[in-house]
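Take a look at the letters that make up each chain.
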Amino acid sequence: MNILAIDTSTMISTVTISDGVEIIGDFNVNQQKTHSESLVPMIETLLNLLGMKVGDIDKFVISKGPGSFTGLRIGMTIAKTLAQATGKDLIAISTLLALANNSSSARLKVPMIDARGNRVYAAVYDENFNEVIKEDLYTIDDFASRVNDLGRDVELIGTLNEKYEDKFDKAMSLPLNFNNSIGRSLVKIAIEEDFPKKELYEIVPNYLRASQAERELAKNDKKDGNKGR
């Protein structure tokens, strides 16, 4: 069972390939190029290095967000295209759940992704990866307060650890090698969990909030409505 996982929910482009037993290829690039420029060449290069073709992949996995609007759209589009072209299944998995799976301790797991403006996409999971605090968009102060109210030891997972660690009462940060390796955890979840088959049109990014364009449109519609009064 060959699995190819893609993550473009942050600034890092990730392609990971597994044979269903172990990780056989992992490609992570944090650069100034957009995902649209880097992702397809990364997939082609990794497949070539492994002596594989896209038709050798049995299942595709995509991180569905939350995260970068543009990144999520690009990753989802490419993953759907590959799944459609090969006739293989596509699984969509929460980016925050994948980040949480970078930890195997008994502490509560606190994955966070930057949403800018002192806001984070975040959640809290227990040792069995059940949601303790739901995946959502929070101000960092509100989220930290909710986590502190739990009174539990927690692990912060993600690239925001150093920036926000002092806001949490009983927190430790995972080291840097665990904070952006999302592809490997996508593969882990895809192997361990049973996912019902979904049609490609049913699989969509989880933005958790309206895009900038949608917010501007709503703002303009509100202004126009007020003018008509």
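Residues numbered from 1 in each chain as written. Predicted model: local features only at pLDDT ≥ 70, side-chain atom pairs only at ≥ 80, totals over all residues. Heavy atoms only, no water.

> Looking at this structure, how should I read the overall build of the protein chain?
Each helix and strand counted, the protein chain has 7 helices and 10 strands in total. Here the C-alpha radius of gyration of the protein chain, 19 Å, is about what a compact globule of 229 residues would show, namely 17 Å. Principal-axis analysis of the C-alpha atoms places the extent of the protein chain at approximately 55 × 55 × 35 Å. Burial statistics for the protein chain: of 229 residues in total, 43% are counted as buried. Partitioning the intrachain contacts of the protein chain with sequence separation of at least 6 by distance along the chain shows that 59% fall at a separation of at least 24. For the protein chain, the exposed area adds up to about 12000 Å²; of that, 48% sits on carbon and sulfur atoms. Across the protein chain, 28 positive and 33 negative side-chain charges occur, with their mean positions spaced 7 Å apart. (Helix = DSSP H or I, 4+ residues; strand = E, 2+ residues; numbered from the N terminus. Rg over C-alpha atoms; globule rule 2.2 N^0.38 Å. Buried < 20%, exposed > 50% of the residue type's maximum accessible area, 1.4 Å probe, protein only. Contact = heavy atoms within 4.5 Å. Areas by Shrake-Rupley, 256 points an atom, 1.4 Å probe, with all protein chains shown as cover. Lys, Arg positive; Asp, Glu negative; His and termini not counted. Charge placed at Lys NZ, Arg CZ, Asp CG, Glu CD.)

> I keep staring at helix α6 (residues 182–192) and nothing clicks. Help me out?
The α-helix advances 3.6 residues per turn, and as a result positions three or four apart in sequence lie on the same side. Every buried residue belonging to α6 is among Ile-182, Gly-183, Ser-185, Leu-186, Val-187, Ile-189 and Ala-190, and all of these are buried. Buried positions along α6 lie against β1 (3–7), β2 (12–18), β3 (23–30), β4 (59–63), β5 (89–93) and α3 (95–100).

> Explain the pattern of salt bridges to me, please; I cannot follow it from the model alone.
Pairing between side chains of opposite charge can happen when their charged atoms approach one another. Scanning the model with the defined rule gives 7 salt bridges in all. For Asp-26, the salt bridge identified is with Arg-184, shortest N-O distance 2.8 Å. Of this pair, Asp-26 sits in strand β3 while Arg-184 sits in helix α6; the two residues are 158 residues apart in sequence, bridging distant segments of the chain. Here Glu-155 and Arg-107 are joined by a salt bridge, their closest N and O atoms 3.1 Å apart. Separated by 48 residues along the polypeptide, Glu-155 in strand β9 (residues 154–157) and Arg-107 in the loop between α3 and β6 (108–114) bring together distant segments of the chain. (Salt bridge = Lys/Arg side-chain N within 4 Å of Asp/Glu carboxyl O.)

> Is there a simple way to explain the sheet that holds β2 in this structure?
Across a sheet, paired strands are connected by hydrogen bonds in the backbone, their directions being either parallel or antiparallel. Judged by pairing direction, the sheet is mixed, and its 5 strands sit side by side in the order β3-β2-β1-β4-β5 without closing on themselves. Edge positions in the sheet fall to β3 and β5, since each of these pairs with one other strand and no more. Averaged over all adjacent pairs, the angle separating strand axes in this sheet is 15 degrees, with direction ignored. Running over the sheet, α6 touches β1, β2, β3, β4 and β5 and is turned about 135 degrees from β1. (Pairing = 2+ DSSP bridges. Axes fitted to C-alpha atoms, helices over the stretch in contact; angles between N-to-C directions.)

> For this particular structure, what's the right way to read the sheet that holds β6?
Pairing is mixed in the open sheet, where 5 strands are placed in the order β8-β7-β6-β9-β10. Bordering the open sheet on either side are β8 (131–139) and β10 (171–173), each of which pairs with just one other strand. Geometrically, the sheet is characterised by an average inter-axis angle of 20 degrees between neighbouring strands, direction not taken into account. Judged from the 3 bridges that link them, β9 and β10 form a sheet pairing that is parallel. Looking across to β10, one finds that Leu-156 is bridged to Ser-173. Running at roughly 160 degrees to β8, helix α4 (residues 140–150) makes contact with β6, β7 (119–125), β8 and β9 of the sheet.

> Got a minute to help me understand the side chain of Asn-101 in this structure?
One can find Asn-101 in the loop between α3 and β6. Asn-101 has contacts with Phe-129, Ser-185, Lys-188 and Ile-189, leaving out every residue within four places of it along the chain.

> Teacher, can you tell me more about the environment of Phe-60 here?
Of note, Phe-60 is situated in strand β4. The class for Phe-60 is buried, based on a relative accessible area of 1%. Residues Phe-60 and Leu-90, 30 residues apart in the sequence, show an inter-C-alpha distance of 4.7 Å. Discounting residues that sit within four places of it in the chain, Phe-60 has contacts with Leu-4, Val-54, Leu-82, Ala-83, Thr-86, Lys-88, Asp-89, Leu-90 and Ile-91.

> Explain the domain arrangement of the protein chain here, please?
In many analyses, interface size is given as the accessible surface area lost on bringing the parts together. Here the protein chain is described as being made up of domain 1 (3–95 + 180–211) and domain 2 (104–172). On the side of domain 2, 10 residues touch domain 1, which itself brings 13 residues to the contact. Both faces combined, the contact of domain 1 with domain 2 buries some 820 Å², and carbon together with sulfur accounts for 58% of it. Looking only at domain 1, the three residues that lose the most surface to domain 2 are Pro-66, Leu-208 and Arg-209, adding up to 53% of its buried area. Linking domain 1 to domain 2 there are 0 salt bridges. Our count for the domain 1 to domain 2 interface comes out at 2 residue pairs in polar contact (both at pLDDT 80 or more). When its residues are assigned to classes, the side of domain 1 that touches domain 2 shows 4 nonpolar, 7 polar and 2 charged. (Domains from an automatic or database assignment. Buried area = accessible area lost by both parts, 1.4 Å probe. Polar contact = N/O pair within 3.5 Å; in protein donor to acceptor, adjacent residues only side chain to side chain. Nonpolar A, V, L, I, M, F, W, Y, C, P; charged D, E, K, R; others polar.)

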